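Here's the letter readout for the chains.
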Amino acid sequence: GPSSSMTGQTANNVSYGTKLGSAGPSLRKAEPIELPHLINILTGLKDEFMLIDKQSIDLMIKNLSQQDTYIMGASSMEMKGFINGGPRGLPIKAPGAYYIRFAWVDPNSRNQGIFKQLISGLLAQVKPPENRGVWMQINENNKACQKAVSSLGFKHIDTWQVGEKTSQIWLK
């Protein structure tokens, strides 16, 4: 669609960054000032995101700040969801693939297609090489997420044990 632009930031956290019109209604790159809010969300959901120790939390913080992090919403306080990804080969099956690390949808915005918009929007922006694949881990109990990625063309290819949690590996 046509690209619209929204620049600048306000003192009361109303809007940041640039809106990416081709990625959906309001998917935009996260600003550094917003990262602490995203980190708080993920660390509050350690089990859901399989953050099992200090090392995994430190890696999450590094990835949020150094790789592709996009937000849907005018500000981090009005955020409907966010997504993070970057290069990480899937051992054996897809070396050099693009890995979607975190995708979160605000509980008040669930069941509205936001998750699928986050994934589609991220992939439209970063354009990972098609011959390398895109993959993600999904908690085995998260049936809604599994259904959504299946509808986007991802296939369940493996199951991994992460600490006491079991995650499914999905590849497109």
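Please refer to the structure placed before this passage.
Described in the following lines is the structure provided in the data block. (Residues numbered from 1 in each chain as written. Predicted model: local features only at pLDDT ≥ 70, side-chain atom pairs only at ≥ 80, totals over all residues. Heavy atoms only, no water.)

For helix H4 (residues 143-151), the complete set of buried residues consists of Cys145, Gln146, Ala148 and Val149. Looking straight down H4, one finds that the buried residues subtend no more than 165° of arc, so they occupy a single side. Facing away from the buried side of H4, by more than 90 degrees, are the exposed residues Lys143, Ala144 and Lys147. For H4, the elements touching its buried residues are helix H3 (114-126), strand S5 (134-139) and strand S7 (165-171). (Buried < 20%, exposed > 50% of the residue type's maximum accessible area, 1.4 Å probe, protein only. Helix = DSSP H or I, 4+ residues; strand = E, 2+ residues; numbered from the N terminus. Arc of directions from axis to C-beta. Contact = heavy atoms within 4.5 Å.)

A positive phi is found at Asn111, a non-glycine position, where the angle reads about 60°. Note on Asn111: relative accessible area 80%, which makes it exposed.

Pairs can form between side chains of opposite charge once their charged atoms are near each other. Tallied over the full model, the rule gives 2 salt bridges. One salt bridge in this structure joins Asp58 and Lys54, with 2.7 Å as the shortest N-O distance. One end of the pair, Asp58, and the other, Lys54, are both in helix H2 (residues 54-66), 4 residues apart, so they sit about a helical turn from each other. (Salt bridge = Lys/Arg side-chain N within 4 Å of Asp/Glu carboxyl O.)

Counting 23 residues, the largest nonpolar core has Ile83, Ile100, Phe115, Ile119, Met136, Val149 and Phe154 as its most contacted members. If you list the elements that add at least two residues to this core, you get strand S2 (68-72), strand S4 (98-105), H3, S5 and H4. The element contributing the most residues to this core is H3, with 6 residues. Excluding residues that lie within four positions of it along the chain, Ile100 makes contacts with Ile83, Asn84, Gly85, Ile119, Leu122, Leu123, Val134, Trp135, Met136 and Phe154. (Core = buried A, V, L, I, M, F, W, Y, C linked by side-chain atoms within 4.5 Å.)

So, on to the packing of helix H1 (residues 35-43) against H2. Running from amino to carboxyl end, H1 crosses H2 at an angle of 145°, the nearest separation of the two axes being 10 Å. When the axes of H1 and H2 are compared, the crossing they make is right-handed. Residues Leu35, Leu38, Ile39, Leu42 and Thr43 of H1 lie in contact with H2, whose contacting residues are Ile57, Met60, Ile61, Leu64 and Ser65. Classifying every residue of the contact of H1 with H2 by side-chain character gives 8 nonpolar, 2 polar and no charged. (Axes fitted to C-alpha atoms, helices over the stretch in contact; angles between N-to-C directions. Left-handed = near helix turned anticlockwise from the far one by under 90°. Nonpolar A, V, L, I, M, F, W, Y, C, P; charged D, E, K, R; others polar.)

Once that is clear, we can look at the packing of aromatic side chains. Per the stated rule, a full pass over the model turns up 4 aromatic pairs. Grouping aromatic residues by their ring pairs yields a cluster made of Tyr99, Trp135 and Trp160. One Lys or Arg, Arg88, reaches over the ring of Tyr99 and ends 4.7 Å from the middle of that ring. (Phe/Tyr/Trp six-rings, centres within 6.5 Å; stacked < 30°, edge-to-face > 60°. Lys NZ or Arg CZ within 6 Å of the ring centre and 35° of its normal.)

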